[in-house]
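Architecture and fold: a report
The primary structure of each chain is shown beneath.
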Amino acid sequence: MSSIRPAKLADAIAEHIQQLILEGALQPGERLLSERDLSAKLDVSRPSLRDALDKLVGLGMLTTDGNGASYVSESIGRSLRDPLVLLMDDPEARLDCMEFRLVVEAAAAAYAAERASEIDRDLIVERYEAMVAAHERRDVDEIARADAEFHFAIYEASHNLMMLHFMRSLESLLRSNVYLNRKNLFEHRTEGDSQLVEHRAIFDAIMARDPEAARAAAQAHMISTIRTQRAIHEAERRREASIRRLARNDLVAPRARKPRKP
């Protein structure tokens, strides 16, 4: 990190750390360096750093423990995130999440194609190659993890702080959505290589710095996923309805025989 030396040093330090949190460079739950090490890293005095950390604690951006260690607050985004995570057991809510992702990821891919730095592009390459390797191993857990990491690299490369912070606040929700989607596709043997082909189209468009192609590829990927998941969900609903009809005899009393007329 470069040194910080403006007039109101404590405010500038607080703003610098807050910006790192908003950009997702510092994430909820992460522990900061000790006060001594952090002041040396930023090349600022410990009293100024202490004032800055106190300010961030007051804003709810940081928390401290009994030993004086500072952590990025885990409450950031929680009021929005936690109730939504509880909905992920509901297939309809998972489809709603995918419809939301359709809008956001199309925009993120377009922005990434236009704005990504070389560092961003290197990370996207790394995440895409990890996803390819996971596909070759047919490891659904690793595929889901690599899939989510690929999409988060695109959010970061969009250089839209509002989008990145909002999606980071929903990170556990999105990872859950990606995992459940992938698991569902594998269990119903509808995965094949189509998902990887769709991700390749997004990757190629971003690497070619073609915003419209990136937007279209991201939209096509999400529309395909939504269509497949909806078909799986409908098939499951029909199957469950059939099972309930077959089980009705366990709940209904046998009909009494009518007495014969003399």
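1. Notes on unusual backbone geometry
- The phi dihedral of Asp43 falls on the positive side, at around 60°, and the residue is not glycine.
- Mapped onto the secondary structure, Asp43 falls in the loop between α2 (35–42) and α3 (46–58).
- A relative accessible area of 38% places Asp43 in the partly exposed class.
- Of note, the phi angle at Arg138 is positive, near 55°, even though the residue is not glycine.
- The exposure class assigned to Arg138 is partly exposed, which follows from its relative accessible area of 44%.

2. Observations concerning the packing of aromatic side chains
- Enumeration over the complete set of coordinates arrives at three aromatic pairs.
- Ring geometry for Tyr128 against Phe150: centres 6.1 Å apart, planes inclined by 55°, an arrangement best described as tilted. One end of the pair, Tyr128, is in helix α6 (residues 118–137); the other, Phe150, is in helix α7 (residues 140–157), and 22 residues separate them in sequence.
- The class for Tyr128 is buried, based on a relative accessible area of 7%.
- A residue is classified by how much of its surface remains accessible, and Phe150, at 0% relative accessible area, is buried.
- Among the aromatic residues, ring-to-ring pairing joins Tyr128, Phe150 and Phe203 into one connected group.
- For the cation-ring pair, Arg115 lies above Tyr111, with the distance from its terminal atom to the ring centre recorded as 4.1 Å.

3. A closer look at the nonpolar core
- Within the largest apolar cluster, 33 residues are counted, with the highest numbers of intra-cluster contacts made by Ile124, Phe150, Ile154, Tyr155, Ile202 and Ile206.
- Elements supplying a minimum of two residues to this core: α5 (91–115), α6, α7, α8 (161–169), α10 (194–207) and α11 (211–246).
- It is α5 that contributes the most residues to this core, eight residues altogether.
- Apart from residues no more than four positions distant in its own chain, Ile206 is found in contact with Ala109, Ala112, Ala113, Arg121, Ile124, Ile154 and Ala214.

4. Section: the side chain of His221
- Position of His221 relative to the elements: it lies in helix α11.
- With a relative accessible area of 3%, His221 lands in the buried category.
- Of the polar contacts made by the side chain of His221, one reaches the side chain of Glu198; its length is 2.8 Å.
- Not counting chain neighbours up to four residues away, the residues in contact with His221 comprise His151, Gln195, Glu198, His199 and Ile202.

5. Things to note about the environment of Asp139
- Here Asp139 is to be found in the loop between α6 and α7.
- Classification of Asp139 as partly exposed rests on a relative accessible area of 31%.
- Side-chain polar atoms of Asp139 contact the backbone nitrogen of Asp141, separated by 3.1 Å.

6. A short note on the pattern of salt bridges
- For the coordinates displayed, the defined rule picks out twelve salt bridges.
- Two residues, Arg230 and Glu99, come together in a salt bridge whose shortest N-O distance is 3.4 Å. With Arg230 in helix α11 and Glu99 in helix α5, this residue pair connects regions lying 131 residues apart in the sequence.
- Given a relative accessible area of 34%, Arg230 falls into the partly exposed group.
- Three or more residues joined by partner-sharing salt bridges are found here, namely Glu35, Arg46 and Arg50.

7. Looking at the confidence of the model for the chain
- For the chain, per-residue confidence averages 81 on the pLDDT scale, and residues scoring 70 or more make up 73% of the total.
- Per-residue pLDDT, averaged within each element of the chain, yields its smallest value for helix α4 (residues 78–85) (50) and its largest for α6 (95).
- Low confidence marks residues 1–7, where pLDDT is under 50. Its contacts with residues over four positions away, or in another chain, come to 14 contacts.

8. Digging into the environment of Leu56
- Locating Leu56 in the fold gives a position in helix α3.
- For the pair Leu56 and Val72, spaced 16 residues apart in sequence, the C-alpha to C-alpha distance is 9.4 Å.
- Residues in contact with Leu56, not counting those within four places in the same chain, are Ala14, Ile17, Gln18, Met61 and Leu62.

Rules of the game
- Residues numbered from 1 in each chain as written.
- Predicted model: local features only at pLDDT ≥ 70, side-chain atom pairs only at ≥ 80, totals over all residues.
- Heavy atoms only, no water.
- Helix = DSSP H or I, 4+ residues; strand = E, 2+ residues; numbered from the N terminus.
- Buried < 20%, exposed > 50% of the residue type's maximum accessible area, 1.4 Å probe, protein only.
- Phe/Tyr/Trp six-rings, centres within 6.5 Å; stacked < 30°, edge-to-face > 60°.
- Lys NZ or Arg CZ within 6 Å of the ring centre and 35° of its normal.
- Core = buried A, V, L, I, M, F, W, Y, C linked by side-chain atoms within 4.5 Å.
- Contact = heavy atoms within 4.5 Å.
- Polar contact = N/O pair within 3.5 Å; in protein donor to acceptor, adjacent residues only side chain to side chain.
- Salt bridge = Lys/Arg side-chain N within 4 Å of Asp/Glu carboxyl O.
- pLDDT = per-residue confidence, 0-100.

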